[in-house]
Amino acid sequence: MGKLEEQNRKRARKENLQRIILRSIATAGILSVGLVAPNVIGAMSKLGLLPKLRQNEYTTSSAVKLVKRGLLKFKDGYYQLTKEGEKILRRWELADYNFKKPKKWDGKWRMIIFDIPEKKRRVRKQISTLFSQAGFYRLQDSVWVYPYDCEDIIGLLKTDFGVGKEILYVIANEIENDKHLRHEFGLNS
């Protein structure tokens, strides 16, 4: 295995550990220091993501790093999710989110059009990455298409990224020459 592959595996393992810590705390509301490690270690062990030795050390170290990043707060022996931690967790969950597809397509296209200024380039890139990971189709640079209702998720994105005025959600009855889109999403003609 190459050096780059090994670095990518370590980075993925670290991010998975952080996700599980945030999800555990989000689910419980608050968790004591003594409960964070067992909850996270149990989840990580099932996934085979932590080496057997030093599991508590890995978990505690990650939790401390999340506190330093402002994603968790630690008070009176308990960890609690911060507002920023909730935002990051929602972004991670959106990237992993599988939209529920109805049995029958309603024949309408959902278009997401955005015009995010250059000074928010990082946000623009994050949103494009999320759309791509969630299975949206990039029609043009700032125009994405999806065949199913996703208005709630787009509303969350607008709020979390502070781009409510820069993103437009459109429901269209048809898109010219949409045969390639229907094929892309596996829809009947």
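Up top is the structure.
(A) Structural context of unusual backbone geometry. With phi around 50°, Asp 76 is a residue other than glycine that occupies positive phi space. Turning to its location among the elements, Asp 76 is positioned in the loop between strand S2 (72-75) and strand S3 (78-81). The phi dihedral of Asn 177 is positive, around 50°, even though this residue is not glycine. Tracing the backbone through its elements, the reader meets Asn 177 in the loop between strand S7 (167-172) and helix H7 (179-185). According to the relative accessible area criterion, Asn 177 is exposed, its value standing at 63%.

(B) Geometry of the nonpolar core. Formed by 28 residues in total, the largest nonpolar core has its most connected members in Trp 109, Ile 112, Ile 127, Phe 131, Phe 136 and Ile 154. The set of elements that each furnish at least two residues to this core consists of strand S4 (109-114), helix H5 (121-133), strand S6 (143-146), helix H6 (151-161), S7 and H7. Every residue in contact with Ile 112, bar those within four places of it in the chain, is listed here: Phe 131, Phe 136, Ser 142, Val 143, Trp 144, Cys 150, Ile 154, Ile 167, Leu 168 and Tyr 169. Leu 17, Leu 71, Leu 81 and Leu 89 belong to the second largest nonpolar core, which has 13 residues in total.

(C) Structural detail: the packing of aromatic side chains. Taken as a whole and judged by the stated rule, the model has 9 aromatic pairs. With a centroid separation of 6.2 Å and an interplanar angle of 55°, the aromatic rings of Phe 114 and Phe 131 are classed as tilted. With Phe 114 in strand S4 and Phe 131 in helix H5, this residue pair connects regions lying 17 residues apart in the sequence. The exposure class of Phe 114 is buried, given its relative accessible area of 4%. Phe 131 sits in the buried class, given a relative accessible area of 1%. In textbook terms, an aromatic cluster arises when at least three aromatic residues are bridged by ring pairs, as seen for Trp 105, Trp 109, Phe 114, Phe 131, Phe 136, Trp 144, Tyr 146, Tyr 148 and Phe 185.

(D) Focus on the pattern of salt bridges. As enumerated under the stated definition, the model contains 6 salt bridges in all. In this structure, the salt-bridge partner of Glu 118 is Arg 124, at a minimum N-O distance of 3.1 Å. Taking relative accessible area as the criterion, Arg 124 reaches 21% and is therefore assigned partly exposed. Among the salt bridges present, the one from Arg 138 reaches Asp 141, with a minimum N-O distance of 2.8 Å. On the basis of relative accessible area, Arg 138 is assigned to the partly exposed category, the value being 45%. Accessibility expressed as a relative area gives 59% for Asp 141, which makes it exposed.

Parameters at a glance
Residues numbered from 1 in each chain as written. Predicted model: local features only at pLDDT ≥ 70, side-chain atom pairs only at ≥ 80, totals over all residues. Heavy atoms only, no water. Helix = DSSP H or I, 4+ residues; strand = E, 2+ residues; numbered from the N terminus. Buried < 20%, exposed > 50% of the residue type's maximum accessible area, 1.4 Å probe, protein only. Core = buried A, V, L, I, M, F, W, Y, C linked by side-chain atoms within 4.5 Å. Contact = heavy atoms within 4.5 Å. Phe/Tyr/Trp six-rings, centres within 6.5 Å; stacked < 30°, edge-to-face > 60°. Salt bridge = Lys/Arg side-chain N within 4 Å of Asp/Glu carboxyl O.

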